[in-house]
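Working through the structure, step by step
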Amino acid sequence: SRPLFQVMGDRLYYMTNSAPNPEQEGAVHGSEITECDLLTGEQREVFSSQLHTHTFCAQEDEVVVSLYVDDQSNAEQVRVIGLASGETRFTADLANTSAEVSHWPAYLDGTLVWGELYSPNVWIPRLRMMTAEGRRFALAEAGSDPCFVGSRLVYETSTLHGPASV
């Protein structure tokens, strides 16, 4: 999964996943995203769950987290967590049981964009979008690395036989 960490201003955010070791008492399944103030060294937990985190993206006053729903499939859920409050602002199931999610999702004001590796033989994801009204559709057949710049969505498109473009 990527990224495992992200720097935003003077803050470092990083994720950890854990799984029980039969020889270690008290170990549990779960994940955590931690914020570290690079000026003071102080750390605080931003998010934790008994589900494993696939990836995350910190942005302004929130963190977008994708979580595996269980350890039996690729199915994922996305949550948007307020950095100051730690409260969940948005949740969406990606309905991707047969497709692995590529990289990280992008989120802005209720709109969610993510890439799905819809076939084991395909290395370029299909970019999917869910609007703030809940409508879902394929945005690009070969797209990845979505991010919002202001209110605009920017992503990379690829082909199997040519250069990538943005």
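Structure: above.
The sections below set out a description of the structure shown in this document.

A separate point is the overall build of the protein chain. In terms of regular secondary structure, the protein chain is built from 0 helices and 15 strands. For the protein chain, with 166 residues in total, the buried portion stands at 39%. Pairs at least 24 residues apart make up 29% of the contacts formed inside the protein chain by residues separated by at least 6 positions. Surface accessibility of the protein chain: about 9,500 Å² in total, with carbon and sulfur atoms responsible for 50%.

A word on the pattern of salt bridges. A full pass over the atoms with the stated rule returns 7 salt bridges. Note that Asp 61 is salt-bridged to Arg 89, the shortest N-O span being 3.4 Å. Of this pair, Asp 61 sits in the loop between β5 (53-59) and β6 (62-68) while Arg 89 is found in strand β8 (residues 88-93), placing the two residues 28 residues apart along the sequence. Of the residues examined, Asp 61 reaches a relative accessible area of 44% and is grouped as partly exposed. Note on Arg 89: relative accessible area 45%, which makes it partly exposed. For the salt bridge of Glu 116 with Arg 128, the shortest nitrogen-to-oxygen distance reads 3.9 Å. Of this pair, Glu 116 sits in strand β10 (residues 111-117) while Arg 128 sits in strand β11 (residues 126-130), and the two are 12 residues apart along the sequence. Residues Glu 116 and Arg 128 agree in their burial class; the two are buried. Overlapping salt bridges, with partners in common, bring together Arg 11, Glu 35, Asp 37 and Arg 44 in one network.

Sheet architecture is open: 4 strands sit in the order β1-β2-β3-β4, paired in antiparallel fashion. If you trace the sheet from one side to the other, it starts and ends with β1 (5-8) and β4 (43-49), each paired once. For this sheet the average axis-to-axis angle between neighbouring strands, irrespective of direction, equals 20°. Pairing of strand β3 (residues 30-37) with β4 involves 6 bridges; the strand directions are antiparallel. Residue Ser 31 lies in a different strand from β4, and its bridge partner there is Ser 49.

The next subject is the sheet that holds β10. The strand order across the open sheet built from 4 strands is β9-β10-β11-β12, with neighbouring strands paired in antiparallel fashion. Bordering the open sheet on either side are β9 (100-108) and β12 (136-140), each of which pairs with just one other strand. Each neighbouring strand pair of the sheet contributes to a mean axis angle of 25°, computed without reference to strand direction. Here β10 pairs with β11 via 5 bridges, running antiparallel. Among the inter-strand pairings, Gly 115 is bridged to a residue of β11, identified as Leu 127.

Moving on, we get to the packing of aromatic side chains. Each aromatic ring pair is described using two quantities: the centre-to-centre distance and the angle formed by the ring planes. This structure, assessed with the given rule, holds 1 aromatic pair. Taken together, a centroid distance of 4.8 Å and an interplanar angle of 45° make the contact between Phe 90 and Tyr 107 tilted. In this pair, Phe 90 sits in strand β8 while Tyr 107 sits in strand β9, placing the two residues 17 residues apart along the sequence. The class for Phe 90 is buried, based on a relative accessible area of 14%.

Moving on, we come to the environment of Asp 70. For Asp 70, the position within the fold is in the loop between β6 and β7 (76-82). Overall, Asp 70 belongs to the partly exposed group, its relative accessible area being 36%. Among the polar contacts listed, one links the side chain of Asp 70 to the backbone nitrogen of Ser 73, at a separation of 3.0 Å.

About the cut-offs
- Residues numbered from 1 in each chain as written.
- Predicted model: local features only at pLDDT ≥ 70, side-chain atom pairs only at ≥ 80, totals over all residues.
- Heavy atoms only, no water.
- Helix = DSSP H or I, 4+ residues; strand = E, 2+ residues; numbered from the N terminus.
- Buried < 20%, exposed > 50% of the residue type's maximum accessible area, 1.4 Å probe, protein only.
- Contact = heavy atoms within 4.5 Å.
- Areas by Shrake-Rupley, 256 points an atom, 1.4 Å probe, with all protein chains shown as cover.
- Salt bridge = Lys/Arg side-chain N within 4 Å of Asp/Glu carboxyl O.
- Pairing = 2+ DSSP bridges.
- Axes fitted to C-alpha atoms, helices over the stretch in contact; angles between N-to-C directions.
- Phe/Tyr/Trp six-rings, centres within 6.5 Å; stacked < 30°, edge-to-face > 60°.
- Polar contact = N/O pair within 3.5 Å; in protein donor to acceptor, adjacent residues only side chain to side chain.

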